[in-house]
Protein chains: 2
Amino acid sequence: MAITRTDVLAAAREVLRRHSLADLSMRRLATELGVSPNALYWHYPDKQTLLAALGDDILADVTAPADDLEWDERLESVARAMRASLCAVPDSAEVVSSGWSSGLSTMAVLDHLTDAARDGGLSASARRGLVTAIAQLVIGLTIEQQTRQQMERLGVTGPGDRDYDAEFADALAIVLAGARQVRAAQTVATAAS
Amino acid sequence: MAITRTDVLAAAREVLRRHSLADLSMRRLATELGVSPNALYWHYPDKQTLLAALGDDILADVTAPADDLEWDERLESVARAMRASLCAVPDSAEVVSSGWSSGLSTMAVLDHLTDAARDGGLSASARRGLVTAIAQLVIGLTIEQQTRQQMERLGVTGPGDRDYDAEFADALAIVLAGARQVRAAQTVATAAS
């Protein structure tokens, strides 16, 4: 029976859910799907391509935020949606980071952040800085949290006492304050020129 | 001949420099040092403990910033020093992230950020947010960059066109603007109360 890309990505998510990213090999995936590795390579020529597609798929629910929100509310909405999507799938933050590294990911979710920053009137370098600060806050913190969860799952360590959601909320507030501050400074500079 | 912790950490750095984090096993390290695995376990009972110590060691050069700097200049100084230390050792950002996850790292470098934020008069939640935003910007972005560098080193991909240093500088500017903005808002609130 022929498999589709959707089948492959669903099976890959299942490997992450039941096991970990370390267990996600092309061979393992072919076995889970009951097909030959060649059937898999027909869809994804190598693991990097698969991981990039999987990362995009995991973030696919992060759609453009509602038009009636203010530009900074839209930034917050996208950031929270990114984190929620990642938190739903174990080890997904590392998958997304890897896909961004390879350049094989669409990185489409970052367009929503860039669009909101542009609507806020931020300069090109401020937009790039803002998108980077939000994206790496989400990715970096969630990698750390998901690594911890794997350690706890494997019994390597007991439950920790860090509140990652609170760390995220506090950090996002700082970044958004920075975006508003940079915008206000730009507005003043424009008015004075 | 007896080995010291310093020997072990130096050998671990060498494995990262010449190979990668994926190659850093306790067995491999014992072979590199020419000792039995037991000699290694005497210093570090397991890989998690070793990675946490290695991460602390890689960031050991990030010392408290000069006293004569303003609080926000000290934040910037620590952030840049963290990134420089990580960029000097391949795969080090993932090592540090893992050490923070396990709770076995001292995370001492974050104290320098917290101290500067406290001198800036930031509230506890603002301090936590600021430290998180800076730390994850450094860690998240450097993980992505170092993963890319491994891909290029292995010939999986050609040279990329992203300027990670520029992304970092722009993002750090946003986060520091946020810190100043939150501080100014706190000052106004205190004066009005």
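Residues numbered from 1 in each chain as written. Chains lettered and ligands numbered in written order. Predicted model: local features only at pLDDT ≥ 70, side-chain atom pairs only at ≥ 80, totals over all residues. Heavy atoms only, no water.

J.: Explain the pattern of salt bridges here, please?
T.: Oppositely charged side chains may form a pair once their charged atoms are brought near each other. Residue and element names in this part refer to chain A. Scanning the entire structure with this criterion turns up 28 salt bridges over all chains. A salt bridge links Arg13 to Asp57; its shortest N-O distance comes to 3.2 Å. Pair noted here: Arg13 is in helix H1 (residues 5–18) and Asp57 is in helix H4 (residues 47–58), with a separation of 44 residues, a long-range link. With a relative accessible area of 27%, Asp57 lands in the partly exposed category. Taking the shortest distance from any N to any O, the salt bridge between Glu152 and Arg148 comes out at 2.9 Å. Taken together, the residues Glu152 and Arg148, both in helix H8 (residues 124–153) and four residues apart, mark about one turn of the helix. With a relative accessible area of 31%, Glu152 lands in the partly exposed category. When salt bridges with common partners are traced through the structure, they connect Glu14, Arg17, Arg18, Arg28 and Glu32 into a single cluster. (Salt bridge = Lys/Arg side-chain N within 4 Å of Asp/Glu carboxyl O. Helix = DSSP H or I, 4+ residues; strand = E, 2+ residues; numbered from the N terminus. Buried < 20%, exposed > 50% of the residue type's maximum accessible area, 1.4 Å probe, protein only.)

J.: Quick question: what am I supposed to make of the packing of helix H7 (residues 108–119) of chain A against H8(A) here?
T.: In a packed pair of helices, the relevant descriptors are the angle between the two axes and the axis-to-axis distance. Residues and elements named next belong to chain A. The geometry of H7 relative to H8 is characterised by a closest axis approach of 9 Å and an angle of 135° between their N-to-C directions. Taken together, the axis directions place H7 and H8 in an arrangement best described as oblique. In terms of crossing hand, the pair formed by H7 and H8 is right-handed. Within the contact between the two elements, H7 uses Leu110, Leu113, Thr114, Ala117 and Arg118 and H8 uses Arg127, Leu130, Val131, Ile134 and Ala135. (Axes fitted to C-alpha atoms, helices over the stretch in contact; angles between N-to-C directions. Parallel < 35°, antiparallel > 145°, perpendicular 65-115°, else oblique. Left-handed = near helix turned anticlockwise from the far one by under 90°. Contact = heavy atoms within 4.5 Å.)

J.: How do you make sense of the domain arrangement of chain A when you look at a structure like this?
T.: A common way to state how big an interface is: give the accessible area lost once the parts meet. All names here are of chain A. Looking at the assigned domains, one finds that chain A contains domain 1 (5–45) and domain 2 (56–192). Listed as interface residues are eight residues of domain 1 and, on the opposing side, ten residues of domain 2. Considering only the side of domain 1, the residues that lose the most area to domain 2 are Arg13, Leu16 and Leu21, jointly responsible for 63% of the buried surface there. The interface formed by domain 1 and domain 2 holds one salt bridge in total. Remark: the boundary between domain 1 and domain 2 carries five residue pairs in polar contact (both at pLDDT 80 or more). (Domains from an automatic or database assignment. Buried area = accessible area lost by both parts, 1.4 Å probe. Polar contact = N/O pair within 3.5 Å; in protein donor to acceptor, adjacent residues only side chain to side chain.)

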